[in-house]
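What the coordinates show
Each chain is listed here by its residues.
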Amino acid sequence: MLTDHLYRLRALFQRRTLENDLDDELKFHFEHSVEKLKRSGLSEQEARRQALLDLGGLEQLKEECRDSRGVATLENLLQDFRFALRVLRKSPGFTLAVSLSLALGIGANTAIFTLIDAVMWRLLPVERPAELQLLTHGQGSSFESGFTYGQFKSMRSQNRVLQDLAGWSSARINVSVDGAIEPPAAGQLVSGNYFSVLGVRAVAGRTIGREDDLVPNGHPVAMISHAYWNRRFGLAPSAIGRTIVLSGLPFTIIGVTPPEFFGLEVGSAPEIFVPMMMQPTVVPSSENLLENPGQYLTWVQVFGRLNPPLKPAQAASQLQAPFGQQIPKGGKFKSMENERLLLAPAAAGLSELRQEFSAPLFLLMALVGIVLLIACANTANLLLARAAARQPEFAMRVTLGAPRSRLVSQLLVESVVLSAAGGALGLLLAGWATRLLVAYLSSGRAPIILDLNPNPRILAFTVSVSLLTGILFGLVPALRATRLAAGPSLKTISGSTRGSFGNLWSGRILAVVQVALSLVLLVGAGLFVRSLQKVNSQDAGFARESVLVVRVEPKGSNQRNAEGALPRLDRTYRDLLRRVGTIPGVKAAGMAQFTPTTPRGANVSYTLPAGEQLRAFLSMVYPNFFAASGIAMAAGRDFTPGDLAENSPLVSVVNETFARRAFPHENPVGKRIALGNEVLEIIGVVKDARYLNPRGETSPAVYQPFLQVRTGRGQMALYVRVDGSNPAVLPQLRETIQNVDRELPMFEIQTLAQEMDAVLVRERLMATLSGLFSLLATLLAAVGLYGLFAFAVVQRTKEIGIRMALGAQPGNVVWTVMREVLAVALLGAAIGVPAALIGARLAATQISGLLFGLQASDPLTITAATLGMLIASALAGFLPAAKAARIDPLRALRSE
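Now for a description of the structure that goes with this document. Computed from a predicted model, the values in this text were never measured in an experiment. (Residues numbered from 1 in each chain as written. Predicted model: local features only at pLDDT ≥ 70, side-chain atom pairs only at ≥ 80, totals over all residues. Heavy atoms only, no water.)

**Side note on the environment of L383**
Among the secondary structure elements, L383 is positioned in helix α12 (residues 352-389). Between the C-alpha atoms of L383 and P477, which are 94 residues apart in sequence, the distance is 6.1 Å. Not counting the four nearest positions on each side in its chain, L383 is found in contact with F94, S415, L418, F473, G474 and P477. (Helix = DSSP H or I, 4+ residues; strand = E, 2+ residues; numbered from the N terminus. Contact = heavy atoms within 4.5 Å.)

In structure tokens form, the structure reads like this:
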């Protein structure tokens, strides 16, 4: 067996040597037979003739010997490959057109698949990721992954079923290096065994260990990411041991994480890691989250490694008791007493992107798949036309004895070579397009960091798609071309078969498919675009273009509850508002705790006069905020500076939704509501503003003065309403903020419209990409129709010439061609419209909130898409029709 394999390898890679040996051996046998025949009395010439007859023909004998080597099929494929390269090199225009067309389809598919792979399937860059399990808790089908620190501590101390339990919590951390305030960094509070459980080692220095996470605020050490090390310290080894200030406290850098490590949250990019025991300093709250068991705040994500023999359900059941012990009994916690633990695989990490974009990405995958099918149909039409032109070649080869299977194999190899070239170009396009998409998804929010480098799965996908594409668009032309050449005649060989391909029924079927698929994409894109328009056109309740928003975070703003911090922050904010208000072109300036993309208000329960509870969004604001943001007062008054005075009555302003639910058919102004032990008087009602929920109903909202909210961070957003689009305001605004505090971190200045666009990033993604894909598909379909009927006109030149010689007018000729074009387009529309309706309904049921304010069967969208497709088809067919009308009858007749 081994000898046979070695012989086949030698036959494949040492073909020339074996051919020479075969020639020598056959020559020896031939000469030996000639000598033997000569000795029997035959002449030289007769002996050679008889020897050839006895051997049965040297070439036939050589073929039998080659077949016996067992590599004939592979040799034929290599021969077909070399021949395909020579043929395609002679037609560079055709080769480039087909390769680019396929590159667009394959590249789009690879780009979306790369995103899906990065968000959904790519394993974490840690040791043995398959063993990782994320702990969740809940009831029924509703589970969440956050735990209190007490629950985490209890489960870790009583764990006997997992190799170890570790935890982390994401946080934004104020950073100062060498006295310079930097923008808050994405950070993580990690348990002392976090890196050891993951098996992650530091590339410089050491990792955070158990000894760093024993005492609250006891070990101010930090690890930094490789990207932060490069950006801030230039990869200098001296960064290890340096001091950086985090939230006002000096920390020592002890190590650097590997460049590929990003934690367990896919899409995030933590820059700083600190021990979880440093929470009271780094992320202070109203109470110490480490040592107050009565405060049920689920802020710790917990994971562990599963021992291979154990099942996740068994591990969860054994950890149920220590988890349940930490749930407060009775009262509002009674509903939590039946919660159970569930272990979820964490090999691919935890990701909000996965929850928000998984369904849209799979839908986009279906859309780009349709684009690829259209590109395949377009290419198949081009190959059909090319095969028609090569009929004399095929007929001659069949006449000389070539089997049909060899012709089919050769044509399929040509199509696979074209698709491989398209796949290679598509892979390059996909790398660029994927990074562009990630930047698009990151607009208006924290940067999304994904590993987009090609891996074996992506390469296998691209290769598979390229091969299947080559077979898909090459099979029909190959079969049709070889069938027509199977019965050659002198007329076929001479090339006098111009009318034989005139009907092009295969091409017409492919054109119908192109039109139908393009119409499906046009309808889908129309629905997404109209849905986005409806979201944007609804009454937002605030001004958009004329309002600038900038987030500011003074030093110590996250220590709002510390002694003396609140008055200092208030002085900074008042000074900022006063100075900004004096800038020429500024109509109003105000501050609020939130922006549309960074909600920082709390969702709390207010007690109504009747004793009922109503949950509402609470935000700290400053006087004049409503005027600055363009939110109109519906009743009562706005806050005044007097409401910020010490010992002033507690007041609030509510939105119309809160007023309608809390006090139906009553005037809410003057009514009192309670938040805990504090009683607030409602002094005003403002119009509803669709800040945080632009897709659905407005939530109840309560606004309170900054100094009257006792807990929470002091970070605020500055709203500046300008007079029109005054470009001079921007540099003055930046200068004014820096004059208030040179060390004041200031984030990007955007209009409120840009902030809202970031909230609608999913809708904009679907509308933009589906629109681009539908336009690309329509263009490909139009090019396919043009190529099909341009070739048909060439094939029917004699027929058209005869008609015009007999008196047919150019208009009649144009209508003859256009009638066939419109028949193809209408048939495609008749198939495409029902398919689009079914697809839209299916997509709308799978992705909640995908369409806003319209149904999947929206008649305006379907009508507009159908008309657009028919117009594009008519324009594509008019060009060859006009060319047909200009045919000279005499020249057409002489050409035959």
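**A short note on the pattern of salt bridges**
Pairing between side chains becomes possible if they bear opposite charge and their charged atoms approach one another. Throughout the structure, instances matching the rule amount to 20 salt bridges. R457 is paired through a salt bridge with D117; the nearest N and O atoms lie 2.5 Å apart. Highlighted residues: R457 in helix α15 (residues 456-485) and D117 in helix α6 (residues 92-121), separated in sequence by 340 residues. Classification of R457 by relative accessible area gives partly exposed; the value is 38%. Assessed through its relative accessible area of 0%, D117 is described here as buried. For K671, the salt bridge goes to E666, with nearest N and O atoms at 2.9 Å. For E666, a relative accessible area of 44% gives the class partly exposed. Members of the salt-bridge network, linked through shared partners, are E127, R128, E131, R201 and R305. (Salt bridge = Lys/Arg side-chain N within 4 Å of Asp/Glu carboxyl O. Buried < 20%, exposed > 50% of the residue type's maximum accessible area, 1.4 Å probe, protein only.)

**Examining helix α9 (residues 226-233)**
The complete set of buried residues in α9 reads Y228, W229 and F233. The buried residues of α9 all sit within an arc of 105° when viewed along its axis, so they share a single face. Opposite the buried face of α9, by more than 90 degrees, sit the exposed residues A227 and R231. Looking at the buried side of α9, the elements it contacts are β4 (162-177), β5 (180-190), β6 (204-205), β7 (221-224), β8 (243-246) and β9 (249-256). Two residues or fewer past α9, G234 is found with a positive phi of approximately 60°. (Arc of directions from axis to C-beta.)

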